[in-house]
Amino acid sequence: MGSVMRLEHIGIAVKSIEEHLMIWRDVFGFRVEMIREIPEQKVKVAMLDAGTLTIELLEPLTTDSTIQKFIERRGEGLHHLSFEVDDIEKKIEEFKNQNLKMIDEVPRKGAHASKIAFIHPSSVGSVLIELSQKDKK
Ligand code: ZN
């Protein structure tokens, strides 16, 4: 077994980040770390500092965005859990050897991490899991 994963953030799919900031920022009092559009992933992302973890709000930018499709199928709500790992390529290999289905067999660039990869929810009881590796400083 490799190193232990750490829950880093929770992704929540929303129709409008602006609208939901009225809860997460204004009512709950979490500080917004960044809001950014990521056109190549067809999402707008807001990251909020919620103490021991980060809350990520995901708003679709286009009608063919995977977030848009998620909201149409299941409504707004919990979208994924993101675990930080030390060596993402190694973890992907490890999980493939355990017969987990990977959405990304090769890591891609993330909004807030240098590399991310998703495990298919069919392998994890319908929970979408994101693996992320931070930039090495
Ligand atoms: Zn995420």
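Reading the values: rules and limits
Residues numbered from 1 in each chain as written. Predicted model: local features only at pLDDT ≥ 70, side-chain atom pairs only at ≥ 80, totals over all residues. Heavy atoms only, no water. Pairing = 2+ DSSP bridges. Helix = DSSP H or I, 4+ residues; strand = E, 2+ residues; numbered from the N terminus. Axes fitted to C-alpha atoms, helices over the stretch in contact; angles between N-to-C directions. Core = buried A, V, L, I, M, F, W, Y, C linked by side-chain atoms within 4.5 Å. Buried < 20%, exposed > 50% of the residue type's maximum accessible area, 1.4 Å probe, protein only. Contact = heavy atoms within 4.5 Å. Donors = N, O, S within 2.8 Å, 3.2 Å for Na, K, Ca; no water. Tetrahedral: all angles 85-135°; square planar, octahedral: opposite > 155°, others 65-115°. Arc of directions from axis to C-beta. Polar contact = N/O pair within 3.5 Å; in protein donor to acceptor, adjacent residues only side chain to side chain. Phe/Tyr/Trp six-rings, centres within 6.5 Å; stacked < 30°, edge-to-face > 60°.

Draft legend 1. Geometry of the sheet that holds strand β6 (residues 115-119). Within the open sheet, the 7 strands sit side by side as β2-β3-β4-β1-β5-β7-β6. Their pairing is mixed. Of all strands in the sheet, those with a lone pairing partner are β2 (31-38) and β6, marking the two edges. Neighbour-to-neighbour, the strand axes of the sheet open up by a mean angle of 25°, direction not taken into account. Bridge count between strand β1 (residues 6-13) and strand β4 (residues 53-60): 5 bridges; the pairing is parallel.

Draft legend 2. Looking closely at the environment of V85. Inspection of the secondary structure assignment puts V85 in the loop between β5 (77-84) and α3 (88-97). Note: C-alpha distance between V85 and G75 (10 residues apart in sequence) is 29 Å.

Draft legend 3. Quick peek at the nonpolar core. Ranked by size, the top nonpolar core spans 12 residues in total: I10, I12, V14, I17, L21, W24, A46, L48, A50, L53, I55 and L57. Mapped by element, the contributors of at least two residues to this core are β1, α1 (17-24), β3 (43-50) and β4. Among residues more than four places away in sequence, those in contact with L53 are L7, E8, I10 and L48. Judged by nonpolar contacts, the second largest core, of 11 residues, contains I38, V43, L58 and I71.

Draft legend 4. Representation of the side chain of S82. Among the secondary structure elements, S82 is positioned in strand β5. Given the relative accessible area of 0%, S82 is considered buried. Excluding its chain neighbours within four sequence positions, the residues that come into contact with S82 are R6, L7, E8, H9, E130 and S132.

Draft legend 5. Region of interest: the coordination of the zinc ion. Binding of the zinc ion to the protein goes through H9 (NE2), E56 (OE), H80 (NE2) and E130 (OE), at separations of 2.1 to 2.4 Å. Around the zinc ion, the 4 donor atoms are arranged such that angles at the metal cover 79 to 169°; this shape is classified as irregular. Within one chain, the residues donating to the zinc ion are spaced in sequence as H-x46-E-x23-H-x49-E. Taken as a pair, E56 in strand β4 and H80 in strand β5 lie far apart in primary sequence, 24 residues in all. By the burial criterion, E56 is buried, and H80 matches it.

Draft legend 6. Layout of α3. Among all positions in α3, only I88, K91, I92, E94 and F95 are buried. For α3, the buried positions fall inside an angular range of 165° around the axis, keeping them on one side. The exposed residues of α3 that point more than 90 degrees off its buried face are K90 and N97. Capping of α3 at its N-terminal end is provided by D87; its side-chain oxygen lies 3.4 Å from the backbone amide nitrogen of E89.

Draft legend 7. Molecular detail of the pairing of β2. Both β2 and β3 contribute to a ladder of 7 bridges, which runs antiparallel. The partner of I35 across the bridge, within β3, is A46. What sits between the antiparallel neighbours β2 and β3 is a turn of 4 residues, in which K42 has the positive phi angle 60°.

Draft legend 8. Spotlight on the packing of aromatic side chains. The full count for this structure, using the stated rule, is 3 aromatic pairs. A centroid spacing of 5.2 Å and a plane angle of 90° characterise the contact between W24 and F28, whose relative ring orientation is edge-to-face. Exposure remark for W24: the relative accessible area of 17% places this residue in the buried category. These aromatic residues form a ring-pair network of at least three members: W24, F28 and F30.

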